[in-house]
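Below, each chain spelled out in residue letters.
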Amino acid sequence: MEREITIALQFKLAIGDVTLNEIVFRLKELRDDLMLRILEEILRGYDDLICKRLSQTRIYPSKARRGLGRHFKRDEAEARLCRGRKVRKRGYRRNPRQLSTVFGKLKLPIRVVECCKCGAFYSPLLSALKVGRYARRESNFEHEVIEAVIDTNYRRLINGRSIDISVGGVHNLVVGSDVDHVYQEPVSLEDVSAILADETGVKQYKGRKGELRAVIGVTTAGRVEPLGTFTNTEWSDIERTIKERIKQAEPYNIPFVYDGEPGLDDFLADVAESQRCTWHGPRGLYHALWEDGLKKKDSQPAIDKIKHLIGIELPEGDFELLKEEDKEPVKIQYDASKAQIRELIETFRQKGYLHGASYLENLSDRLFTHIEMWLKSGVIAPKTISLLERVFREVGRRIKRIAWGWCDKAVTNLSKMILLKQYSRSKWEEYWKHKLGIEDHFDIKIASVQLSPCKHF
Ligand SMILES: [Zn+2]
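These numbers come from a predicted model, not from an experiment.

Draft legend 1. Representation of the packing of aromatic side chains. Inspection of the entire model under this criterion finds four aromatic pairs. Their ring planes at 65° and their centres at 5.8 Å tell us that F348 and Y353 sit as a pair that is edge-to-face. There is no split in this pair, since F348 and Y353 are both buried. Within the aromatic cluster, the residues linked to one another by ring pairs are W428, Y431 and W432. Over the ring of Y286 we find K296; its NZ or CZ atom is 5.8 Å from the centre of that ring.

Draft legend 2. Region of interest: the coordination of the zinc ion. Protein-derived ligands of the zinc ion are H71 (NE2), C82 (SG), C115 (SG) and C118 (SG), with the metal-ligand distances lying across 2.1 to 2.3 Å. Geometry at the zinc ion is tetrahedral, judged from the four donor atoms that bind it and their angles of 98 to 116° at the metal. Sequence positions of the residues that donate to the zinc ion give the spacing H-x10-C-x32-C-x2-C. Note on C118: relative accessible area 21%, which makes it partly exposed.

Draft legend 3. Seen up close, the layout of surface pockets. Computed from the structure, the second largest pocket encloses a volume of approximately 600 Å³. Lining of the second largest pocket is provided by 21 residues; of these, R70, F72, Y122, S127 and R133 occupy positions nearest its centre. Of all the secondary structure elements, the ones that give two or more residues to the lining of the second largest pocket are β5 (121–122) and α2 (124–128). Tallying contributions element by element places α2 first for the lining of the second largest pocket, with three residues. Looking at side-chain class alone, the lining of the second largest pocket contains nine nonpolar, five polar and seven charged residues.

Draft legend 4. The arrangement of the pairing of strand β2 (residues 97–101) in detail. With four of its five residues buried, β2 lies for the most part within the structure. Alignment of β2 against strand β3 (residues 104–108), held across five bridges, turns out to be antiparallel. Residue pairing in the sheet places Q98 in a bridge with K107 of β3. Joining the antiparallel neighbours β2 and β3 is a turn of two residues.

Draft legend 5. Structural detail: the side chain of E199. Looking at the element boundaries, E199 is found in strand β6 (residues 192–203). Among the polar contacts listed, one links the side chain of E199 to the side chain of R213, at a separation of 2.6 Å. Polar side-chain contacts of E199 include one of 3.4 Å to the side chain of W235.

Draft legend 6. Main features of the side chain of N413. Along the chain, N413 falls in helix α12 (residues 408–423). Looking at N413, its side chain comes within polar contact range of the main-chain oxygen of V174, at 3.0 Å. Apart from the residues lying within four places of it in its own chain, the contact partners of N413 are V174, V175, S177, V179 and D180.

Draft legend 7. Representation of the nonpolar core in the model. Formed by 34 residues in total, the largest nonpolar core has its most connected members in V391, I399, W406, L414 and W428. Contributions of two or more residues to this core are made by α3 (139–150), α5 (167–176), β6, β7 (209–219), α11 (383–402), α12 and α13 (425–436). Sort the elements by how many residues they give to this core and α12 lands first, with eight residues. Sequence-distant contacts of W428, that is, excluding residues within four places in its chain, are made with I146, E147, I150, M417, L420 and K421.

Draft legend 8. Examining α13 more closely. With twelve residues, α13 should cover 16 Å at 1.5 Å per step; its first-to-last C-alpha distance of 16 Å lies within 8% of that length. Where α13 is concerned, the buried positions are K427, W428, Y431 and W432. Each buried residue of α13 sits inside an arc of 135° when the element is viewed along its axis, so together they form one side. For α13, exposure combined with an orientation more than 90 degrees from the buried face picks out S426, K433 and H434. For α13, the secondary structure elements touched by its buried residues are α3, β8 (224–231) and α12. Positive phi appears at G437, one or two residues downstream of α13, with a value of about 70°.

Conventions we followed
- Residues numbered from 1 in each chain as written.
- Predicted model: local features only at pLDDT ≥ 70, side-chain atom pairs only at ≥ 80, totals over all residues.
- Heavy atoms only, no water.
- Phe/Tyr/Trp six-rings, centres within 6.5 Å; stacked < 30°, edge-to-face > 60°.
- Buried < 20%, exposed > 50% of the residue type's maximum accessible area, 1.4 Å probe, protein only.
- Lys NZ or Arg CZ within 6 Å of the ring centre and 35° of its normal.
- Donors = N, O, S within 2.8 Å, 3.2 Å for Na, K, Ca; no water.
- Tetrahedral: all angles 85-135°; square planar, octahedral: opposite > 155°, others 65-115°.
- 1 Å grid on protein atoms, 1.4 Å probe; cavity = no way out; pocket = protein on both sides within 12 Å on 5 of 7 lines; lining within 4 Å.
- Points joined across faces, edges and corners; volume = space filled by probe spheres on them.
- Helix = DSSP H or I, 4+ residues; strand = E, 2+ residues; numbered from the N terminus.
- Nonpolar A, V, L, I, M, F, W, Y, C, P; charged D, E, K, R; others polar.
- Pairing = 2+ DSSP bridges.
- Polar contact = N/O pair within 3.5 Å; in protein donor to acceptor, adjacent residues only side chain to side chain.
- Contact = heavy atoms within 4.5 Å.
- Core = buried A, V, L, I, M, F, W, Y, C linked by side-chain atoms within 4.5 Å.
- Expected span 1.5 Å × (residues − 1).
- Arc of directions from axis to C-beta.

Structure (structure tokens):
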């Protein structure tokens, strides 16, 4: 069915004074209202068309009424669908239906009809549009709110457009999301070059401290593949869930990188090879030296040095495999760093900083084992570790700003959304397209835009 909407816009223009900025500013103000009016016209037109088809059954064969007129039988204790598809028009509902849309609040007058078979009164437009009886918003709106939440600018969204949703409402959207049921399909380890896991603290309901844990994979193409996010869940339970998502049973020699959390020492031990990561090395050294009685200003030079030595410069290309020609310079630097750290350990010993010395020894063992393995296998560039750090910083920062006081489910869902949106954009878009039911059943384009002749000439 093809129809046209005619829009007449009136404007006044101060000749010689108006600027481009002002024109654009006013058009922008008009944008959402214009869309709301267009939406209303399309829906009213559709309502008329549906009611015409359902009431004039002599003109319209049952084929023309396909998908229209679904309703429950009148006066039945159990909700049962009626097969009647012929109606009498009964005017409009007393109150227009209010719906929050991405353009703002829509107030839509809605027709009521009476079924000729069972006598039920209902509104065929709403069932045709698949708007539930109690729905107060459409899903593009939900999409936009959630996107804004993830980008932590939802307050601006709400204030800027007088959108009627409270922080509690945002919370309900996140909790009610089905995002935890999507993308659970098995992951093949063949495409994964490393698995990473970490946790970050979150403040939840009544300031209770919670723990957000996430497991992510890095694909051989260098992309992040979220494997799961969990709130206040034991690592052993997380391990079980992750294993269910991994296709192979046989071990793959991929590294599992983590930050030395106690519960993670044997995590995925039968499918991956554990590697503790070292990015908290400098912070740990500060603590160890503090135990040795050093003040911050005295330990700072050593910490700076460690930062520099740990950050062994690797070839560009964040998460790529280490290429053969890139290995040599890394090896030279690695040898030099190793010598310098040994030297530093020796200095600590001589000065009696025993905590510092043993901490550094431990750290350097871990660090150098990794680099030796990377050099030998070329499997993964250590920048993966900075990727892990970045992912968790990102998720943690957003969760802290948004989900203060939220429940486990909200934190879990939100963190999954953040990971999907930031790192699996195509999956995120697919998710929404599926959720919105975008299936080429509506298409609109601008047919023409032209200025009417001026009345005063
Ligand atoms: Zn009926």
